[in-house]
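Observations on the three-dimensional arrangement
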Amino acid sequence: MLDRISKGLEAQFDKHRVIFWYDATGEFRDAFEGLALEGVQKIEVANTEFAVKHRILREAPKQRFLLYREGPRPADIDNWLLDVELANGVFKTDQVAIWLGDLGLPVSFEDLVREHQEFFRSSRRLEKMKSAVQGDDTKPALRLRMLSICAGADGGFDTVVESILAELTQGKDDSLRLIGRVGLDGFLWDQMARIFGYHADKPGIGDFAVTLFKSCYQSAVGGESILTSDALVFFRRWKNNRNTGEAFAKLSADYAEVLGVAQDLAKRDFRTLIEIDYFDEIDRAIIRALVHEVCAQTVAQADVLNWIRQRRQSHWYGAYRDIYEAIGFAAEFQQAMAQVTFGMASLAEGVQRYVKSWSRIDQLYRKFVWHMQKSGQATLMGELYEQVENHYVNSYLLRLNDAWQAHVDAAETWSAPPIPAQRNFYREHVGEFRRRDQKICVIISDALRYEIAEELLGRIRSLDRYEAGIEPMFGSLPSYTQLGMASLLPNGDLQISDNDTATVLVNGQSSQGLQNRKKILATGRTGDRTTALKAEELMGMDKDQARALVRDHDVVYVYHNLIDAIGDKQVSEERVFEAAEDTIEEIVRLVKKLNGANATNMIVTADHGFIYQHRPIEESDFSSAIVEGDTILFRDRRFILGHGLKGNHGLRRFTPAQADLQGSMEILIPKSINRLRRQGSGSRFVHGGATLQEIVVPVVKINKKRQSDTSAVEVEIIGSSNQMITSSQISVRFYQVTAVTEKTQPRQLRAGICAQSGELISDSHELVFDFRSDNPREREVQVRFLLSRQADAFNDQDVLLKLEERHGETSYFREYRTARYRLKRSFSNDFDF
């Protein structure tokens, strides 16, 4: 008690030289007598007013005095020390006075503290209030800080409302009950009315929340808003705040049905909804409309991709990302199909056209199917899937390979100069590095189709200091694993074993298995130190082991197998496109692992490609041709091995010499994309034949450079000089200076209008600049900023439009670019929608 009185008096003496203390009941006499305040003289006033006045004013005009009087304060007319009292301070010893003293508040705040005594009875709340009080506080400012403490908020009124809304989603009302208990509920609803325009006979947080969603939605779709523009600014910030997004999503889901959002959306054109994300149902409506429009082919591909890009800013995009991606790839697939032609004059031209354009259709189909599968929305995407599947199989895959088959049939030998043959890989590609005495690491990924490698190429190029290129090889025939893997080894004599194993011999040595491949690899170039290992073994090495691997060898082969391992089994073949996605990620990790071990030159290649149809194979997809021959030694879905084989209308026969192989094994290949019947094996994922998808083998060459070579696109604010803001909103255009490429990457920025002090006075927007178009006009974005009530304080002053960039994955932002505006608004038209 004595300590609190001492602190209270010390706070008073910081402001006044003379302090009066009236002890109405005499209960504090012991405390007065026990006080010892440094530099303060204690005097008891007991009918000695004139002597005291002479003492404090004449004899010691600079001395500090504590004047104690037992009994009530005399009436002003009887108070001979009134003039001294008015010029100095009065210390009160009731609880309210002690609180005022603790907080360093003048007596003018007594009514506020007395009104909310319940608030100050908590020592925890009192301590928080002490640190919050500022010298120039008004009573409303203090009540706002008290509200924040009650709600567990850490900012202004917006954070109080966010905190209360968060409790609402949890079915709690702890903060609201406390606010009512300490007598701040009236102030809370007064602020709701003043700031947000919320009025109700019986105000409640649930009613406010419904009204907030209703008002903002109505405003967004062109109707009249119920609340003020400050409510909309608050709503957008609340929605976009990482820390409060979960509460927003919960209430949005609760109120969508209450407000009949689905029924309202059914009457609206989806194009008018592209910039709105207040309800999950909006994304659903847009997705249903996009699926319908893309199916009907009534919208341009560029429009579809632009709408999907805009929806990336939606609060709900994460939940619907795969559906949007699938729709986008379907639209691109349709556009590519509308432009495709299948003419070619030779096998070489066929390969060249495949790598330049046709393989993109395989890639778009794969990406569409993968995202459709991942979305889990088979019913919603059913019609679009059937359309894409039918076009891919019948209008592309079949027609392309029928046209290609004409050249396969006419070819005397299996070669397509100037396209390098796969069996020359070691001599031409590995040898290129070894002739310069450079180390080379080769990653061989089983069934890495060309279009998958092309996507991998983009990923590698997007990495800082990585340079990469891709070129095709003409794969060995039949396009199966044993022959493809053998073709990548140093070889002179390459032949298929004359038995039923389909094993491939390199210079008489079996190439089956890792140990045999190591032995063959060692025969490549005299003096070369070579080795081979599986990808799993490499990834399991620590840094020193990996560095030793690269240091001690000139040629390293790394075998990776995921696509073929998944696709070649009937039970898992439908997951082959998932395996393709995972393969890209795993190869990127392998490349980084090797580079971390000081490898600077790497090649990624494959043994063969594949053809895949997601829909179960129909009867017409199986070859009706009869397989005939003297001896049939090996049968697969896409090739036959044996002796005395006979070609016919459905099967193309190759002798070993025609296939550029040694030995005596003959080959039959089903024409185009037809499969042969085979009990127990998968039929959707196949390889072994002569289609472009199976035999165009990628060679991705990767080099790690010393200098950084990636950057983010630059963004400019258009028309930012001498700008005036004359209303409650302003539209600003932003321009992405260059197109996004592998080395020039997207930039994500936060935009908002701030006072020069840094205070945000508008809503804020998360903007992603990832445009790939070469057309400058297609790289512009227009954004509307809505000013908040806080902007009133800065009228007729300069304000800043700030673009800020997040630092990595942290919550910190750095200033990227600013533009200065003059805020000069007429308040008669303020906050007008």
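A brief report on the enclosed structure follows. (Residues numbered from 1 in each chain as written. Predicted model: local features only at pLDDT ≥ 70, side-chain atom pairs only at ≥ 80, totals over all residues. Heavy atoms only, no water.)

Concerning the overall build of the protein
Scanning the protein from N- to C-terminus turns up 30 helices and 29 strands. Compactness check: the protein gives a C-alpha radius of gyration of 40 Å against a globular reference of 28 Å for 833 residues, more than 25% above the reference. Counting only C-alpha atoms and orienting by the principal axes, one finds that the protein spans roughly 135 × 65 × 50 Å. With 833 residues in all, the protein has 54% of them scored as buried. Partitioning the intrachain contacts of the protein with sequence separation of at least 6 by distance along the chain shows that 71% fall at a separation of at least 24. Of the roughly 37,000 Å² that the protein leaves accessible, carbon and sulfur atoms contribute 46%. Side-chain charges of the protein comprise 107 positive and 119 negative groups, with the mean position of each set lying 3 Å from the other. (Helix = DSSP H or I, 4+ residues; strand = E, 2+ residues; numbered from the N terminus. Rg over C-alpha atoms; globule rule 2.2 N^0.38 Å. Buried < 20%, exposed > 50% of the residue type's maximum accessible area, 1.4 Å probe, protein only. Contact = heavy atoms within 4.5 Å. Areas by Shrake-Rupley, 256 points an atom, 1.4 Å probe, with all protein chains shown as cover. Lys, Arg positive; Asp, Glu negative; His and termini not counted. Charge placed at Lys NZ, Arg CZ, Asp CG, Glu CD.)

Notes on the environment of Ala166
Looking at where Ala166 falls in the secondary structure, it is placed in helix H10 (residues 157–169). The class of Ala166 is partly exposed, set by a relative accessible area of 23%. In this structure the C-alpha to C-alpha distance between Ala166 and Thr244, which are 78 residues apart in sequence, comes to 7.5 Å.

Thoughts on the layout of surface pockets
Here the second largest pocket defines a volume of roughly 550 Å³. For the lining of the second largest pocket, the secondary structure elements donating two or more residues are helix H24 (481–487), helix H25 (514–521), strand E11 (555–560) and strand E18 (685–686). Considering every element that reaches the lining of the second largest pocket, the biggest residue donor is H24, with three residues. For the lining of the second largest pocket, the residue count by class is eight nonpolar, ten polar and eight charged. (1 Å grid on protein atoms, 1.4 Å probe; cavity = no way out; pocket = protein on both sides within 12 Å on 5 of 7 lines; lining within 4 Å. Points joined across faces, edges and corners; volume = space filled by probe spheres on them. Nonpolar A, V, L, I, M, F, W, Y, C, P; charged D, E, K, R; others polar.)

Some points on H25
Among the residues of H25, those classed as buried are Leu514, Asn516, Arg517, Ile520 and Leu521. The buried residues of H25 occupy an angular sector of 160° when projected down its axis, which confines them to one face. In this structure, the buried side of H25 is in contact with helix H22 (425–434), H24, strand E8 (504–506), strand E9 (509–510), strand E10 (530–534) and E11. (Arc of directions from axis to C-beta.)

Let's talk about the packing of aromatic side chains
Per the counting criterion, the structure on display carries 43 aromatic pairs. The ring of Phe433 is capped by Arg436, whose NZ or CZ atom sits 5.3 Å from the centre of that ring. Across from the ring centre of Phe622, 4.6 Å away, lies the NZ or CZ of Arg677, which sits over that ring. (Phe/Tyr/Trp six-rings, centres within 6.5 Å; stacked < 30°, edge-to-face > 60°. Lys NZ or Arg CZ within 6 Å of the ring centre and 35° of its normal.)

Focus on the sheet that holds strand E6 (residues 466–474)
The strand order across the open sheet built from six strands is E6-E19-E12-E5-E11-E10, with neighbouring strands paired in mixed fashion. The open sheet is flanked by E6 and E10, the only strands paired with a single partner. Looking at each pair of strands side by side, their axes are set apart by 20° on average, direction ignored. Sheet analysis places E10 next to E11, joined by five bridges and oriented parallel. Opposite Thr530, over in E11, you have Val555 as the bridge partner. Against the sheet, helix H23 (residues 450–461) contacts E6, strand E12 (601–605) and strand E19 (696–704), and its axis sits at roughly 165° relative to E6. Contacts from H25 reach E10 and E11, with the element oriented near 160° to E10. (Pairing = 2+ DSSP bridges. Axes fitted to C-alpha atoms, helices over the stretch in contact; angles between N-to-C directions.)

Section: the packing of helix H13 (residues 205–220) against helix H14 (residues 229–240)
Relative to each other, H13 and H14 sit at 100°, their axes nearing to 10 Å. Looking at the two axes, H13 sits roughly perpendicular to H14. When H13 is examined against H14, the residues Leu212, Phe213, Cys216 and Ser219 are found in contact with a partner set consisting of Ala231, Leu232, Phe234, Phe235 and Trp238. Looking at the contact of H13 with H14 residue by residue, the class counts come to eight nonpolar, one polar and no charged. (Parallel < 35°, antiparallel > 145°, perpendicular 65-115°, else oblique.)

Re empty space enclosed by the protein
For the structure on display, the rule yields three cavities of 30 Å³ or more. Quantified by volume, the largest cavity comes out at close to 80 Å³. Lining the largest cavity are Trp414, Ser415, Ala421, Gln422, Arg423, Phe474, Gly475, Ser476, Leu477, Ala659 and Asp660. When its residues are assigned to classes, the lining of the largest cavity shows five nonpolar, four polar and two charged. Each pocket or cavity is described by its volume, and for the second largest cavity that value is around 40 Å³. Around the second largest cavity, the lining residues are Phe20, Tyr22, Val45, Arg69, Asn79 and Leu81. Of the residues in the lining of the second largest cavity, the class split is four nonpolar, one polar and one charged.

A few points about the sheet that holds strand E7 (residues 494–496)
With antiparallel pairing, the three strands of this open sheet are ordered in space as E7-E8-E9. Strands with a single pairing partner mark the edges of an open sheet, and in this sheet they are E7 and E9. In terms of strand pairing, E8 meets E9 through two bridges, oriented antiparallel. Opposite Val506, over in E9, you have Gln509 as the bridge partner.

Regarding the environment of Ala253
Mapped onto the elements of the fold, Ala253 is located in helix H15 (residues 245–258). You can call Ala253 exposed: its relative accessible area is 54%.

So, helix H29 (residues 576–596)
In an α-helix, one full turn covers 3.6 residues, which means residues spaced three or four apart are oriented alike. Here H29 is 21 residues long and its end C-alpha atoms lie 30 Å apart, about the 30 Å a rise of 1.5 Å per residue gives. Following H29 by one or two positions, Asn598 has its phi on the positive side, about 80°. (Expected span 1.5 Å × (residues − 1).)

Points about the pattern of salt bridges
Throughout the structure, instances matching the rule amount to 70 salt bridges. Arg434 is paired through a salt bridge with Asp528; the nearest N and O atoms lie 2.9 Å apart. Taken together, the residues span a long stretch of sequence, with Arg434 in helix H22 and Asp528 in the loop between H25 and E10 at a distance of 94 residues. By relative accessible area, which is 3% here, Arg434 ends up buried. Among the salt bridges present, the one from Asp796 reaches Arg822, with a minimum N-O distance of 3.9 Å. With Asp796 in the loop between strand E27 (780–786) and strand E28 (797–806) and Arg822 in strand E29 (residues 813–823), this residue pair connects regions lying 26 residues apart in the sequence. The partly exposed category is assigned to Arg822, whose relative accessible area is 30%. Among the charged side chains, a network of salt bridges with common partners joins Arg434, Asp437, Lys439, Arg525, Asp528, Arg529 and Asp554. (Salt bridge = Lys/Arg side-chain N within 4 Å of Asp/Glu carboxyl O.)

Things to note about the nonpolar core
Counting 210 residues, the largest nonpolar core has Phe120, Trp238, Ile327, Phe368, Tyr396, Trp404 and Tyr557 as its most contacted members. Examining the composition of this core, we find that 13 residues originate from one element, helix H20 (residues 347–375), more than from any other. Beyond its immediate chain neighbours, meaning those up to four positions away, Trp238 contacts Glu162, Leu165, Leu212, Phe213, Thr244, Gly245, Ala247, Phe248 and Leu251. One finds Ile753, Leu767, Phe794 and Leu823 within the second-largest nonpolar core, a separate group that totals 29 residues. (Core = buried A, V, L, I, M, F, W, Y, C linked by side-chain atoms within 4.5 Å.)

Observations concerning unusual backbone geometry
The linkage connecting Pro417 with the following residue, Pro418, adopts the cis geometry, with an omega of 10°. The omega angle of the peptide bond from Leu477 to Pro478 is 0°, so this bond is cis rather than trans.

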